[in-house]
Amino acid sequence: MDLTPYIESLRRSLTAAAAPGGEDAARTAELLSEALDAGARLALMEALSEAAAEITAGLDQAGSSASVDLRVRGKEVDLRVSGGETAEAAPPPAPPVDDDVARITLRLPESLKEDVERAASKDGASVNAWLVRAINNAVHASRTSGQPAGAKYSQRITGYARA
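Residues numbered from 1 in each chain as written. Predicted model: local features only at pLDDT ≥ 70, side-chain atom pairs only at ≥ 80, totals over all residues. Heavy atoms only, no water.

Looking at the pairing of strand β1 (residues 67–73)
Two strands pair when backbone bridges link them, and β1 and strand β2 (residues 76–82) are joined in this way by seven bridges, in the antiparallel orientation. Bridging from a neighbouring strand, Leu70 pairs with Leu79 of β2. (Pairing = 2+ DSSP bridges. Helix = DSSP H or I, 4+ residues; strand = E, 2+ residues; numbered from the N terminus.)

Here you go:
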């Protein structure tokens, strides 16, 4: 992550704030903004480091062994996720196999229907079998984990932070 755009934003803000004070104030703000570079970079790195520590603590509380690390190379900062193995939860019970089958009508937006068809095809299952398995997993996951139905947690963490 390049911190330069954030430093430049601080410089522009300082210069804009000083502009109503006249030419001398604007020149002073410009000189101060150049001196601000190192201190602002350090403050941003400290904030990112604290955020990484808080995220890691939250992951620990959630039962994950993942951690977020802050790596600095020159003026570049990278946030890396390492580990990520979570405790294996017991798989949800398989749907009951019996002759008592209920029929329902399900209305889906066309785009969601296409996504379901692709996911079922990827898993090598019929749409009906895929939906039964997904519903079964959602219903039993919410009962056993205490999480709301539909909540999804994975071992992979992606994204970026913006200060």
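Here we look at the confidence of the model for the protein
Averaged over all residues, the pLDDT of the protein is 75; the fraction at 70 or higher stands at 77%. Of all the helices and strands in the protein, β1 carries the lowest mean pLDDT, 74, while helix α3 (residues 110–123) carries the highest, 88. This model gives residues 149–155 a pLDDT under 50, and the stretch forms six contacts once residues within four places in sequence are excluded. (pLDDT = per-residue confidence, 0-100. Contact = heavy atoms within 4.5 Å.)

Describing the environment of Arg11
Along the polypeptide, Arg11 turns up in helix α1 (residues 4–18). Excluding residues within four positions of it along the chain, Arg11 makes contact with Ser33, Glu34 and Asp37.

So, a nonpolar patch on the surface
A contiguous nonpolar patch, built from Ile104, Leu106, Leu108 and Leu112 and spanning about 380 Å² of accessible area, is present on the exposed surface. One can find Leu108 in the loop between β2 and α3. Since its relative accessible area comes to 34%, Leu108 is described here as partly exposed. (Patch = residues over 30% accessible without salt bridge, like charges linked within 9 Å, V, L, I, M, F, W, Y side chains within 5 Å. Areas by Shrake-Rupley, 256 points an atom, 1.4 Å probe, with all protein chains shown as cover. Salt bridge = Lys/Arg side-chain N within 4 Å of Asp/Glu carboxyl O. Buried < 20%, exposed > 50% of the residue type's maximum accessible area, 1.4 Å probe, protein only.)

Remarks on the pattern of salt bridges
Following the criterion strictly, the structure yields five salt bridges and no others. For the salt bridge of Arg27 with Glu30, the shortest nitrogen-to-oxygen distance reads 3.2 Å. Highlighted residues: Arg27 and Glu30, both in helix α2 (residues 23–61), separated by three residues, approximately one helical turn. With its nearest N and O atoms 2.5 Å apart, the salt bridge here joins Asp115 to Arg118.

A short note on α3
In this model, α3 (14 residues) spans 20 Å end to end at C-alpha, consistent with the 20 Å of a helix rising 1.5 Å per residue. After α3 finishes, the residue Gly124 shows a positive phi value of roughly 70 degrees. (Expected span 1.5 Å × (residues − 1).)

Let's talk about the packing of α1 against α2
Relative orientation of the contacting elements α1 and α2 amounts to 150 degrees, with a least axis distance of 9 Å. Considered as vectors, α1 and α2 are oriented roughly antiparallel to each other. The interaxial crossing formed by α1 with α2 has right-handed handedness. Contacts between α1 and α2 involve Thr4, Tyr6, Ile7, Leu10, Arg11, Leu14, Thr15 and Ala18 on the former and, on the latter, Ala25, Ala26, Ala29, Leu32, Ser33, Glu34, Leu36, Asp37, Ala40, Arg41 and Leu44. (Axes fitted to C-alpha atoms, helices over the stretch in contact; angles between N-to-C directions. Parallel < 35°, antiparallel > 145°, perpendicular 65-115°, else oblique. Left-handed = near helix turned anticlockwise from the far one by under 90°.)

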